[in-house]
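Structure at a glance
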Amino acid sequence: MSEATAGASSSAQPRGAVPATAARAFGTAVAAIMVANIALTLPSSLPGALQQGLHATGGQITWYSTLFGVATALSGLPFAVLGDLRGRKRVLLVGFGLIAAGSLIALLAGSIHVLWVAQAVAGLGGGALYTCSLALIVAASRTPQTRATAIALWSVALALGTALGPFIAGLMARNGSWRLAYVPVLIIAIVIGLACAWLSPESTATAHRSYDWLGQGLIALFVIGICYGSIEGSERGWTFGPVLASFAAAAVLLVLFLVHESRHQDPLLRLSLFKIPAFSSAGFIAVVGMASFVALAYLLGVLFGIADHLNPWQVALRLVPNSLVTVILYPVLKRWLARVSARWLLGIGVLPLAAALFWLAALPVGASYGQVIVPILLAGAGFAFLVTSLTTGAVNSVPIQAGSMASGTTETLRLIGQTLAIAVIGAIGLSRANAYVQHSLLTSGLPAPELHVALGVEAGGGVLAVASAPLGPISHTVAPLAIAALGRGIDDAFRLAGILVLIAAAVGLVFLRDHPDRLILDDPEDAASRGPARAASPS
């Protein structure tokens, strides 16, 4: 076996019972993913408050919402390697510390640029918590049933964190400044970090691994290039020189990364895993599916805050049901993960997410919450099946010796999907909205002086600024035009995301199958004696 967990269970453990060491490992993983997702989703209900308080443009707010995910995606695989080498408990504690440090910087921030730094620091901590929490579960799980239960709990904690982030931000911003939203995160990260330091078992990989510095640098620059091109392209135009250069550089960097990884003796990303159709399809679904779901929540938050003039607290309350569905579905997820193939759970389970995206795209701007709540609940159900079946399918599609790298790679790809949700799908929606509002202003019949003012505001801050800037009497004319344009742009993004989810579902149904030669080991000490034992898996 390639995994070792301190205090592993003995053979005297009753069948069906979870050993105390494994239970503490699962508890640590659950707490870690909840803290990471609280920090990740905290900004989703704050765009309106930041636009008004810091006079941030749409592009600046997009960078603020994206940088946590960028840093998380970039640090995920390196932290997974460090966890294998130095111990996952140690890496998790570093993650809690970075989340706390980022929250402290945000609490003291006086500008949007300092907030960018805060999000990047906290995002590094998120990379540690996301990848090592899932690797801890894989290392501590000795049966498919135990792993299914632990992954279902992990998914519920992820959903709870997704719900609590906007809720905390909205509650604190309602009773004071948006800065206060970071106080609970700071406290939670410190308290849970200390508890994990006391209770969590240590876990490492016994197989030798080394750090791939060049590979990490190449993939980091690739993700940064994609994000820069997408975000700045939505603000400055897709033919803007630096935007085109960033996309071209990203393409070259991706090729260099793949060539380097194929030749490196101990690569950051084992490309041979992608020769397994189930694993490569799981990676594709991780990026596409998570991008679509997170884009839905992000764009709804923008729409609620700008078009419906809701404060962060009201935005949070509207988004909470989206995540609580996973908690409600936990008994179903736990049972089905152990009995039903991941391909069916994923291929059929994500269809509600696609339906929600197309439904939202068909609703008019200013639709009542009664009209919006049903697609919000459908999206939550689709997310629940997406994240649980995706994780299980990816880990179960590879030989058990590669479980740690598979979990770390899948989680990193999922995080890249979350990042691209805002950097690409969100940016495309805002870019379309900017184009729509420009056309609406030019054909509005405004007198030349007023039209000049409105176009100047749009050039400086985009559609969000036109919708919310105090422009005196002309606001009564231009604000409705901007809100209508915002709704049209977001509808376009919803349709794009819905198409991507349907593609992901089809890929999952065709390719996501369990690895036929995967070893199922009840105990690591049995590896040598099992020999050719194989696991029977549903197709």
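Just above sits the structure.
Residues numbered from 1 in each chain as written. Predicted model: local features only at pLDDT ≥ 70, side-chain atom pairs only at ≥ 80, totals over all residues. Heavy atoms only, no water.

**What to know about the packing of aromatic side chains**
- The full count for this structure, using the stated rule, is three aromatic pairs.
- Taken together, a centroid distance of 4.2 Å and an interplanar angle of 20 degrees make the contact between Phe 293 and Phe 383 stacked. Linking Phe 293 in helix 10 (residues 277-307) with Phe 383 in helix 15 (residues 369-396), this pair joins segments that are 90 residues apart in sequence.
- Here Phe 293 falls in the buried class, since its relative accessible area comes to 4%.
- Centre to centre, the rings of Trp 336 and Phe 385 are 6.0 Å apart; their planes meet at 35 degrees, and the pair counts as tilted. Placement of Trp 336 in helix 12 (residues 330-339) and of Phe 385 in helix 15 is noted, with a sequence separation of 49 residues between them.
- Under the relative-accessibility criterion, Trp 336 is labelled partly exposed at 38%.
- On the basis of relative accessible area, Phe 385 is assigned to the buried category, the value being 13%.
- A cation over an aromatic ring shows up here: Arg 318 above the ring of Phe 304, its NZ or CZ 4.9 Å from the ring centre. (Phe/Tyr/Trp six-rings, centres within 6.5 Å; stacked < 30°, edge-to-face > 60°. Helix = DSSP H or I, 4+ residues; strand = E, 2+ residues; numbered from the N terminus. Buried < 20%, exposed > 50% of the residue type's maximum accessible area, 1.4 Å probe, protein only. Lys NZ or Arg CZ within 6 Å of the ring centre and 35° of its normal.)

**A word on a nonpolar patch on the surface**
- Taken together, the side chains of Phe 284, Trp 336, Val 340, Trp 344, Ile 348, Leu 351, Phe 358, Ile 499, Leu 502 and Ile 503 present a nonpolar region at the surface, about 860 Å² in accessible area.
- Among the secondary structure elements, those contributing two or more residues to the nonpolar patch are helix 13 (342-349), helix 14 (351-362) and helix 18 (475-511).
- Take the nonpolar patch: its biggest share by element is three residues, from helix 18.
- One can find Ile 348 in helix 13.
- Residue classification places Ile 348 among the partly exposed residues on the basis of a relative accessible area of 48%. (Patch = residues over 30% accessible without salt bridge, like charges linked within 9 Å, V, L, I, M, F, W, Y side chains within 5 Å. Areas by Shrake-Rupley, 256 points an atom, 1.4 Å probe, with all protein chains shown as cover. Salt bridge = Lys/Arg side-chain N within 4 Å of Asp/Glu carboxyl O.)

**Looking at the side chain of Ser 246**
- Tracing the sequence through the fold places Ser 246 in helix 9 (residues 241-263).
- The exposure class of Ser 246 is buried, given its relative accessible area of 10%.
- Within polar-contact distance, the side chain of Ser 246 engages the backbone nitrogen of Gly 229 at 3.4 Å.
- Setting aside chain neighbours within four positions, we find Ser 246 in contact with Gly 225, Tyr 228 and Gly 229. (Polar contact = N/O pair within 3.5 Å; in protein donor to acceptor, adjacent residues only side chain to side chain. Contact = heavy atoms within 4.5 Å.)

**A closer look at helix 14**
- The terminal C-alpha atoms of helix 14, which comprises 12 residues, lie 17 Å apart, in line with the 16 Å expected from a rise of 1.5 Å per residue.
- Among the residues of helix 14, Leu 353, Ala 354, Ala 356, Leu 357, Leu 360 and Ala 361 are the ones counted as buried. The buried residues of helix 14 occupy one face: seen down the axis, they fall within an arc of 160 degrees. (Expected span 1.5 Å × (residues − 1). Arc of directions from axis to C-beta.)

**Comments concerning the environment of Ala 504**
- Relative to the helices and strands, Ala 504 resides in helix 18.
- On the basis of relative accessible area, Ala 504 is assigned to the buried category, the value being 4%.
- Not counting residues up to four positions away in its chain, the partners in contact with Ala 504 are Phe 284, Ile 285 and Val 288.

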